[in-house]
Amino acid sequence: MAARTRYAPDRGLTARMTATMFLLGLVFVGFIAAIIGIGAATHASDAAIVLFAIVLGGGFAIGSLFYSDKIALSTARAVEVSPNDGERARYLHGIVDRVCALADMPKPRVAIAPSPIPNAFATGRNADKAVLCVTDSIMNKLEPEELEGVIAHELSHVAHKDVQVMTIASFLAIIAALLIRISFYGELFGGGGRGRGGNNNGGGAYIFFILMAVSIVVYAISFLLIRLLSRYRELAADRSGALLTGQPSALKSALIKVTGDMAKIPTRDLRTAEPLNAFFFAPAMHLSAPGGGKSLSAIFSTHPSLERRLAELDKVQRQLSQGR
Amino acid sequence: MGFLDTLLGRTKPVQPKLDDLFALPSAAITLEAGSTFKPTGSGSVCFRQVEGRSFSDVQKEVEDLLDMSSGKEGGLPVEVTKDTYGFTWLVSSHMSDQLDALVTDLHAVNSSLVDAGFGPQLLCTLVAFRDDQERRLALIYLYKRGTFYPFAPLDGERRNNALELEIKTTIGDDLKWEQDLTRWFPVWGAPGL
């Protein structure tokens, strides 16, 4: 059927995303196995530290999942608007209404943030609690079709449940980071002070060292994998957004306008935007050093390069214009 | 959308539901019996244009098709307009008592787009009504939901919510209504209204 081929999923992207998640799962399993191994080699009080880290890390993850919308909105100093709050709010709501009707998804809350950085983000733990936020400068800068492309991209993040997926993916890194910290202090203070009876104190410090080494390795690998996953999910959202509006070129020109401008923004403003980076339409922070550091910044960045995103949207464009 | 599709970030555009559109003529009769609202004979289909030759070919085909059908009975040619949000509206006009013919026209647009694989681009269809006090009313069909909602604009981009709810009750079960009120989005200045 014609309808099926025109909107076929991108197999390459699907395969790469599956591989990334599989690797992340593998690291997770390896990490658990290492912890159990360490726990078995030592006495129960050290295993309790690991349990403590998992509970604390889980608490962080659940907290950030449940309050992601409030945290993001207050960090961006965004104000929720209704359609009756003036011309701009009505215009924005008009676009969101139409994109939601096309996609058959519940309408998110809509907010506008005062910021010189042209950007947009969507957050919230599910489609019913989602909130879509655009900065006022992106509204000034983009034509209606381009803004619609950006909103379709953000709503694709909501439809893909990216907040949930990324929170779960980050869970491992959070635990590893906590364990690094705990075992570091354990090494400092645990070795001398906690000796009781016949326990060999030197062995305890040794265990802490291994725990820290394993955690550092796990943290480094999972950090890179999370960033990779984030880049794939950006590409997936670009793709779904462009297919939804049928206008990949409008999204491309929006990307060029937004990323072109972002490079010129001074660092002071960028630092305040940093915690929200993973949910932004375009990254607000650039790691690329002038000159050599390009490939390194590509590995660490939450968003794919502009060239990559444009190339992927070219594919969508060809797909949409193919004959019957 | 399935769990795997969510996990892998591959939402597919939603295909439209077309069948419930044919409930309109009988609902219009119920509406005429319960109020003074009558169809004006004009209706429109709103869709999102896709860039590229393939879509413009289909659009041209649809326009030719509608022009041919309206030419027969002294109808007006189809009108094409673009709104401020970049959506395209095809407006078809008939005599006010030919609601069946109008719905058939609207359905021709839908099925042409769906056949060409552009079904996901359909946004809504609108059929205009007017009462003896010249109040405007539209019944809007949401393709992705397969549901209707009323839209009664007033001057200055305000809407008459009381009238909309009244119309919903008057027509009652003849139409499948959109139950989620947040999806009753306004279409200010829609062509054909």
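Preceding this section is the structure that the text describes.
Everything quoted here is computed from the prediction, not taken from an experiment.

A. A look at the overall build of chain A. Looking only at helices and strands, chain A features 13 helices and four strands. For chain A, with 324 residues in total, the buried portion stands at 44%. Residue pairs in contact within chain A that sit at least 24 positions apart in sequence constitute 73% of those at least 6 positions apart.

B. Summary view of the sheet that holds strand S6 (residues 147-151) of chain B. The strand order S2-S3-S1-S4-S5-S6 (chain B) describes an open sheet built from six strands, whose pairing is antiparallel. The open sheet has two edge strands with one neighbour each: strand S2 (79-82) and S6 of chain B. In this sheet, neighbouring strand axes are inclined to one another by 25 degrees on average, regardless of whether the strands run parallel or antiparallel. Note that strand S4 (residues 122-130) of chain B and strand S5 (residues 136-142) of chain B share seven bridges and pair antiparallel. Note that in S5 of chain B the partner of Arg130 of chain B across the bridge is Arg136 of chain B. Contacts between helix H5 (residues 87-103) of chain A and the sheet are confined to strand S1 (38-48), strand S3 (87-93), S4 and S5 of chain B, with S4 of chain B contributing the most and set at about 110 degrees to the helix.

C. Focus on helix H4 (residues 99-115) of chain B. Residues and elements named next belong to chain B. Taking 1.5 Å of rise per residue, 17 residues should cover 24 Å, and H4 covers 24 Å from first to last C-alpha, within 8% of that figure. Within H4 the residues assigned to the buried category are Leu99, Leu102, Val103, Asp105, Leu106, Val109, Asn110 and Leu113. The buried residues of H4 occupy an angular sector of 155 degrees when the element is viewed end-on, so they sit on one face. Of the residues flanking the end of H4, it is Gly117, one or two places downstream, whose phi is positive at about 90 degrees.

D. The arrangement of the interface of chain A and chain B in detail. On the chain B side, the residues contacting the 42 residues of chain A number 35 residues. Residue assignment for the side of chain A that touches chain B shows that the elements contributing at least two residues are helix H1 (2-6), helix H2 (11-41), H5, helix H7 (144-159), helix H9 (201-245) and helix H13 (306-321) of chain A.

E. Up close: the pairing of S1 of chain B. Residue and element names in this part refer to chain B. Taking burial as the measure, the 11 residues of S1 include eight buried ones, the bulk of the element. Pairing analysis gives seven bridges linking S1 to S4, with the strands arranged antiparallel. Looking at S4, one finds that Lys38 is bridged to Arg130. Relative to S3, S1 runs antiparallel, the two being bridged by seven bridges. Counted as the bridge partner of Ser42 is Ser93 from S3.

F. The arrangement of the pairing of S6 of chain B in detail. Residue and element names in this part refer to chain B. Among the five residues in S6, four count as buried, and that is most of the element. With five bridges joining them, S5 and S6 adopt antiparallel strand pairing. Each bridged residue has a counterpart across the sheet, and for Ala138 the counterpart in S6 is Phe151. Linkage of S5 to S6, two consecutive antiparallel strands, is achieved through a turn of four residues, within which Gly146 is found at a positive phi near 70 degrees.

Calculation criteria
- Residues numbered from 1 in each chain as written.
- Chains lettered and ligands numbered in written order.
- Predicted model: local features only at pLDDT ≥ 70, side-chain atom pairs only at ≥ 80, totals over all residues.
- Helix = DSSP H or I, 4+ residues; strand = E, 2+ residues; numbered from the N terminus.
- Buried ≥ 20, exposed ≤ 12 C-beta atoms within 10 Å, placed from the backbone.
- Contact = placed C-beta atoms within 7 Å.
- Pairing = 2+ DSSP bridges.
- Axes fitted to C-alpha atoms, helices over the stretch in contact; angles between N-to-C directions.
- Expected span 1.5 Å × (residues − 1).
- Arc of directions from axis to C-beta.

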